[in-house]
Amino acid sequence: HFQKGDIKNALQYYIDARKANQSKNFARIIDEKIKLCGENKLRICWDIHHSCNFRCSYCWFYGKWVHAGKNNSYPPCDKIYDFWRKIYDRYGEAQIEINGGEPFIYPNFQELISRISSMHSVKISTNLSMIDASIIDAWDPEKVEIISTFHPSWINYDDFIARVKPLRDRGFTRNVLYLAYPPQLQLSKIYKEKFNKENMTFSIQPFSGIYDGINYPDGYVAEEKAILSYDGAEYQSSLSQLVPSSL
């Protein structure tokens, strides 16, 4: 069941239907959703796999990565490319937003994005830990955007900014995302100043979950809410953690 304009749920239906070999009506459903939305471009959120090289304590998959990874599937690049080509043939260029896990540890990821971005625009949320210089030359910043997520418990600022700068200079990224996890919230003002000096926008996203017995984001106190909304920081009201449908 989908709400008007809910393309993401329509695509999730397709994924579920493929598993059950019941995808015959998918094209009709997507066509109806696009017509209802009046959108010129299909927007698709793709959770590419449930694997990550970080183990952040605030992640939905913390302590569950091994179990979640059992459902990972890695079809050949040609098969994946063929799927996205069919989307292109039917709907034209789509905007594909890729999350994980960590997308850059997906097998043959650089080649995969090179091929997909020849048809579609792509946004990739990544911790930057696996990015190397060859990517800058392989991809077109007009078609690929890097969403840089900073996790200071797993990568220090100096290492992170060294990875961001080449991407910034070539136009792949201008924004850094930071989670307002209670133990690291007080540091956000320091990091904001550092990233702003590097001509990077610093966006804070609320934590959704339980910490120290308190349910967030409802549990933020006045002082913490003030940090979330201070001048100069772009406050992201949407959740940075994607809630998995099942584990």
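Above this note sits the structure.
Residues numbered from 1 in each chain as written. Predicted model: local features only at pLDDT ≥ 70, side-chain atom pairs only at ≥ 80, totals over all residues. Heavy atoms only, no water.

Caption draft 1: Region of the structure containing the pattern of salt bridges. The final tally for this structure, using the stated rule, is eleven salt bridges. Residue arginine 43 pairs with glutamate 97 through a salt bridge whose shortest N-O separation is 2.6 Å. In this pair, arginine 43 sits in strand S1 (residues 43-47) while glutamate 97 sits in strand S2 (residues 95-99), placing the two residues 54 residues apart along the sequence. A relative accessible area of 48% places arginine 43 in the partly exposed class. Residue glutamate 97 is classed as buried on the basis of its relative accessible area of 17%. Across the pair aspartate 89 and arginine 85 runs a salt bridge, and its minimum N-O distance is 2.9 Å. (Salt bridge = Lys/Arg side-chain N within 4 Å of Asp/Glu carboxyl O. Helix = DSSP H or I, 4+ residues; strand = E, 2+ residues; numbered from the N terminus. Buried < 20%, exposed > 50% of the residue type's maximum accessible area, 1.4 Å probe, protein only.)

Caption draft 2: The arrangement of the packing of helix H7 (residues 157-169) against helix H9 (residues 188-197) in detail. With their axes 12 Å apart at the nearest point, H7 and H9 run at an angle of 30° to one another. Crossing geometry of H7 relative to H9 is assigned as right-handed. Residues Tyr157, Phe160 and Ile161 of H7 touch H9, and the partners they reach there are Tyr191, Lys194 and Phe195. (Axes fitted to C-alpha atoms, helices over the stretch in contact; angles between N-to-C directions. Left-handed = near helix turned anticlockwise from the far one by under 90°. Contact = heavy atoms within 4.5 Å.)

Caption draft 3: Here's a closer look at the environment of lysine 143. Here lysine 143 shows up in the loop between helix H6 (134-138) and strand S4 (144-150). Residues lysine 143 and lysine 123, spaced 20 residues apart in sequence, show a C-alpha to C-alpha distance of 8.5 Å. Non-local contacts of lysine 143, meaning those with residues more than four positions away in its chain, are made with Glu93, Ser117, Ser118, Met119, His120, Ser121 and Val122.

Caption draft 4: Looking closely at the environment of cysteine 52. Within the fold, cysteine 52 resides in the loop between S1 and helix H3 (65-69). For the pair cysteine 52 and glycine 101, spaced 49 residues apart in sequence, the C-alpha to C-alpha distance is 4.7 Å. Leaving out residues up to four positions away in the same chain, cysteine 52 has contacts with Trp65, Gly101, Glu102, Ile105 and Asn127.

Caption draft 5: Inspection of the side chain of glutamine 95 at higher detail. Summarising the element assignment, glutamine 95 is placed in strand S2. Reaching out from glutamine 95, the side chain makes a polar contact with the side chain of glutamate 97 at a distance of 2.9 Å. (Polar contact = N/O pair within 3.5 Å; in protein donor to acceptor, adjacent residues only side chain to side chain.)

Caption draft 6: Representation of the nonpolar core within the structure. Membership of the largest hydrophobic core comes to 59 residues, with the highest contact counts inside it found for Trp46, Trp84, Ile124, Trp139, Ile146, Phe150 and Phe195. Discounting chain neighbours no more than four positions away, the residues touching phenylalanine 195 are Phe150, Tyr157, Phe160, Ile161, Val176, Met200 and Phe202. (Core = buried A, V, L, I, M, F, W, Y, C linked by side-chain atoms within 4.5 Å.)

Caption draft 7: A look at the pairing of strand S6 (residues 201-206). For S6, the tally of buried residues reaches five of six residues, placing the bulk of the element in the interior. Alignment of strand S5 (residues 175-180) against S6, held across six bridges, turns out to be parallel. Bridge assignment links asparagine 175 to a residue of S6, and that residue is threonine 201. (Pairing = 2+ DSSP bridges.)

Caption draft 8: Local environment of the side chain of histidine 120. Looking at where histidine 120 falls in the secondary structure, it is placed in the loop between helix H5 (109-116) and strand S3 (121-126). Of the residues examined, histidine 120 reaches a relative accessible area of 0% and is grouped as buried. A polar side-chain atom of histidine 120 sits 2.9 Å from the main-chain carbonyl oxygen of tryptophan 84. Discounting chain neighbours no more than four positions away, the residues touching histidine 120 are Trp84, Ile87, Tyr88, Gly92, Glu93, Ala94, Ile96 and Lys143.

Caption draft 9: Up close: H9. Residues of H9 that are buried include every one of Ser188, Tyr191, Lys192 and Phe195, and no others. Relative to the axis of H9, the buried residues are bounded by an arc of 105° and lie together on one face. Tucked inside the fold, the buried residues of H9 contact S4, H7, S5, helix H8 (182-185), S6 and helix H10 (222-228). Downstream of H9 by one or two residues, asparagine 199 has phi in the positive range, about 60°. (Arc of directions from axis to C-beta.)

Caption draft 10: Spatial organisation of H5. All buried positions along H5 are accounted for by Phe109, Leu112, Ile113 and Ile116. All buried residues of H5 project into a common sector of 95° when viewed along the axis, lining one side. Buried residues along H5 sit against S1, helix H4 (77-91), S2, S3 and S4.

Caption draft 11: Representation of the packing of aromatic side chains within the structure. In the structure shown here, the tally under the stated rule is 23 aromatic pairs. When the centroid spacing of 4.9 Å and the interplanar angle of 70° are considered together, the rings of phenylalanine 104 and phenylalanine 109 count as edge-to-face. On the numbers, 5.9 Å between centres and 50° between planes, the contact of phenylalanine 207 with tyrosine 216 is tilted. The same class applies to phenylalanine 207 and to tyrosine 216, which are both buried. Aromatic rings pair up to connect Phe150, Tyr157, Phe160, Tyr178, Tyr191, Phe195 and Phe202 into one cluster. The ring of tyrosine 157 has lysine 194 sitting right over it, with the charged end atom 4.9 Å from the ring centre. (Phe/Tyr/Trp six-rings, centres within 6.5 Å; stacked < 30°, edge-to-face > 60°. Lys NZ or Arg CZ within 6 Å of the ring centre and 35° of its normal.)

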